[in-house]
Amino acid sequence: MELGSTVTLTYVGKTDDGEEFGYASKEKPMKFQTGMDMAIDGFEEEILKMNEVGEKRSFTVDQYKAYGEYLDDLVQRIPKEQVPRGNVKVGQRIWMASSENGAPMPVTVMAVEDGVVVFDMNHPLAGQNLNFEVEILDIEEPPENFVAAAEKARHMKEQNKLLGGDQADDYR
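Residues numbered from 1 in each chain as written. Predicted model: local features only at pLDDT ≥ 70, side-chain atom pairs only at ≥ 80, totals over all residues. Heavy atoms only, no water.

Novice: Explanation requested: the sheet that holds strand 6 (residues 93-97) in the structure shown.
Specialist: Whether parallel or antiparallel, the strands of a sheet pair through hydrogen bonds between backbone atoms. Spatial strand order, 5-8-7-6: four strands in an open sheet with antiparallel pairing. Where the open sheet ends on each side, the last strands, each with one partner, are strand 5 (75-79) and strand 6. Neighbouring strand axes in the sheet, compared pairwise and without regard to direction, differ in orientation by 45° on average. Bridge analysis of strand 5 against strand 8 (residues 116-120) gives five bridges, and the strand direction is antiparallel. What sits directly across from Q76, in strand 8, is F119. (Pairing = 2+ DSSP bridges. Helix = DSSP H or I, 4+ residues; strand = E, 2+ residues; numbered from the N terminus. Axes fitted to C-alpha atoms, helices over the stretch in contact; angles between N-to-C directions.)

Below, the structure is given as structure tokens:
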């Protein structure tokens, strides 16, 4: 399959312990254009190795090409009075502003204890290998003059440097 192809597929995704974390059926398939950062890296790499409608494949994406390793530094303890939504429950996913740039990000409430709320900012699948069973339902050829998202971002960054407005790695 060529980079830039649009692929329609079914899949079942499971963690190493057999817990199902996602799926797409023939009635509600997954459809995405490769090369556009629409799927995790390891998943897209494996899909690009498939070439035929009807092809089935099982593969594992390791944590580093999925959602990364689990980082203890991303677990934060915040006094309950500083939490805008005062009534949070363990296991709940809520949106909070990040301290870096104020952009909202999803976090999981791990504990509420002694006036402190413990938040986990890791992705729920961080630190896990992901196992997939995939079937290709349709492949559409890439559009003429296709440019992948990563290539476009590199080009825009270079153009911005030439114009004197380099914004470092934050620029996309």
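Having seen the model, we can carry on.
Novice: Hey, could you run me through helix 1 (residues 41-48) in this one?
Specialist: Each turn of an α-helix holds 3.6 residues, which means side chains three or four residues apart point in the same direction. Those residues of helix 1 that fall on the buried side of the exposure criterion are G42, F43, E44, E46 and I47. For helix 1, the secondary structure elements touched by its buried residues are strand 1 (6-15), strand 3 (30-33), strand 4 (56-61) and strand 9 (130-140). (Buried < 20%, exposed > 50% of the residue type's maximum accessible area, 1.4 Å probe, protein only. Contact = heavy atoms within 4.5 Å.)

Novice: I'm lost on the environment of V112 in this one. Help?
Specialist: Secondary-structure assignment places V112 in strand 7 (residues 104-113). Residues contacting V112, with those up to four places away along its chain left out, are K80, V88, V90 and V117.

Novice: What should I look at first to understand unusual backbone geometry in this one?
Specialist: Trans is the prevailing form of peptide bonds, just as negative phi is the prevailing case for residues other than glycine. One non-glycine residue with positive phi stands out, namely D37, at about 55°. Of note, D37 is situated in the loop between strand 3 and helix 1. What makes D37 exposed here is its relative accessible area of 53%. A positive phi angle, near 50°, is found at D114, a position not held by glycine. In this structure, D114 sits in the loop between strand 7 and strand 8.

Novice: Can you walk me through the packing of aromatic side chains in this structure?
Specialist: We describe a pair of aromatic rings using the distance from one ring centre to the other and the angle between the two ring planes. This structure, assessed with the given rule, holds seven aromatic pairs. Three or more aromatic residues joined by ring pairs form one cluster here, namely Y11, F21, F32, F43, F59 and F132. (Phe/Tyr/Trp six-rings, centres within 6.5 Å; stacked < 30°, edge-to-face > 60°.)

Novice: Even after reading the chapter, I still don't get the pairing of strand 2 (residues 20-24), so can you show me in this structure?
Specialist: In summary, the side chains of a regular strand alternate between the two faces of the sheet. In this sheet, strand 2 lies alongside strand 1 in antiparallel orientation, the contact comprising four bridges. Residue K14 lies in a different strand from strand 2, and its bridge partner there is E20. If you look at the hairpin formed by strand 1 and strand 2, you'll find four residues sitting between the two strands, and G18 has a positive phi there, around 90°.

Novice: For this particular structure, what's the right way to read the nonpolar core?
Specialist: Considering soluble globular proteins, one finds that nonpolar side chains tend to be buried as a cluster. In this structure, L9, F43, I47, F132 and V134 are the most contacted members of the largest nonpolar core, which totals 19 residues. Of all elements in the fold, only strand 1, helix 1, strand 4 and strand 9 reach the threshold of two or more residues within this core. The element contributing the most residues to this core is strand 9, with four residues. Among residues more than four places away in sequence, those in contact with F132 are Y11, V12, G13, F21, I40, F43, R57, S58, F59 and V61. Counting nine residues, the second largest nonpolar core, distinct from the first, contains I78, V83, I94 and V107. (Core = buried A, V, L, I, M, F, W, Y, C linked by side-chain atoms within 4.5 Å.)

Novice: Whenever I open this one, the environment of T6 confuses me. Can you help?
Specialist: Here T6 is to be found in strand 1. Between the alpha carbons of T6 and Q76 there is a distance of 39 Å; along the sequence they are 70 residues apart. Not counting chain neighbours up to four residues away, the residues in contact with T6 comprise K31, F32, Q33, D138, I139 and E140.

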